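Overview (structure and organization)
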Amino acid sequence: IVIAGMGWVAISGFGSKELDVWVPQGVKVFRRPSLLPHEMKSRGVTRFHINHRARSPRIYRKKRAIVKARRDRALRDTLRRDQMELETGHAAPVEVPEGSAF
């Protein structure tokens, strides 16, 4: 889909698509054959899903790594908090007598 003065938009997938486009008066909108007809097959999305957002495999791997790091960070913080509570419970207050050198 080409919008005059703005560029083009590629839509891929299977089946028929219905699209609404609003443009100012005098701007032409038309269809043309794809400039990159095999780009999706060779480099793009490896699977189609409603929430996939056309991510390439490289971006998908990066996102999975970020999510895993956040999950690991949350687990680490939880373990640190538990350890601190355990150590706080084991520590006894030290009482220093009045006449001592401290």
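Let me sum up the structure you'll find in this document.

Quick notes on the rules
- For every chain, the first residue of its written sequence is number 1, and the numbers climb from 1 along that sequence.
- Note on the predicted model: pLDDT of at least 70 is required for a residue's local features to be given, and 80 or more for side-chain atom pairs to be given and counted; whole-chain, interface and lining totals, by contrast, use all residues.
- The basis for every side-chain value is the complete set of non-hydrogen atoms in the structure, without hydrogens or water.
- Labels follow the DSSP assignment, with helices taken as runs of H or I lasting at least four residues and strands as runs of E lasting at least two, numbered in each case from the N terminus.
- Only protein chains enter the accessibility calculation, which uses a 1.4 Å probe. A residue is then buried if its area is under 20% of the maximum for its type, exposed if over 50%, and partly exposed in between.
- When checking whether two residues touch, look at their non-hydrogen atoms; a contact exists if any pair is within 4.5 Å.
- Computed with a 1.4 Å probe, the accessible areas rest on the Shrake-Rupley method; for each residue, only the protein chains presented here act as cover.
- Any Lys or Arg side-chain nitrogen found within 4 Å of a carboxyl oxygen on Asp or Glu counts as a salt bridge.
- Note on pairing: DSSP must find at least two bridges between two strands before they are called paired.
- Excluding any residue in a salt bridge, patches collect residues exceeding 30% relative accessible area, merging like charges within 9 Å and nonpolar Val, Leu, Ile, Met, Phe, Trp and Tyr side chains within 5 Å.
- We count Lys and Arg on the positive side and Asp and Glu on the negative side, and we leave His and both chain ends out.
- The atom standing in for a charge is NZ when the residue is Lys, CZ when it is Arg, CG when it is Asp and CD when it is Glu.

**With respect to the overall build of the protein**
Each helix and strand counted, the protein has 2 helices and 3 strands in total. Per-residue burial over the protein gives 7% buried out of 102 residues. If you take every contact in the protein between residues at least 6 apart in sequence, the share linking residues at least 24 apart comes to 40%. For the protein, the exposed area adds up to about 10,000 Å²; of that, 57% sits on carbon and sulfur atoms.

**Focus on the pattern of salt bridges**
The full count for this structure, using the stated rule, is 2 salt bridges. K68 is the partner of D72 in a salt bridge, and the nearest nitrogen-oxygen pair spans 3.2 Å. In this pair, D72 and K68 both sit in helix α2 (residues 57-90), 4 residues apart, roughly one turn of the helix. For D72, a relative accessible area of 38% gives the class partly exposed. Of the residues examined, K68 reaches a relative accessible area of 48% and is grouped as partly exposed. A salt bridge links D77 to R76; the shortest N-O distance between them is 3.8 Å.

**Focus: the sheet that holds strand β3 (residues 29-30)**
The strand order across the open sheet built from 3 strands is β2-β1-β3, with neighbouring strands paired in antiparallel fashion. Bordering the open sheet on either side are β2 (7-8) and β3, each of which pairs with just one other strand. Relative to β3, strand β1 (residues 2-3) runs antiparallel, the two being bridged by 2 bridges. Opposite I3, over in β3, you have V29 as the bridge partner.

**Here we look at a positive patch on the surface**
A cluster of basic residues, R58, R61, K62 and R64, forms a positive patch at the surface. Mapped onto the fold, R64 is located in helix α2.

**Digging into a nonpolar patch on the surface**
On the surface, a nonpolar cluster with roughly 450 Å² of combined accessible area is contributed by V9, I11, L19, V21, V23 and V29. Here V9 shows up in the loop between β2 and β3.

Fair warning: the whole summary comes from geometry, so function is off the table for now.
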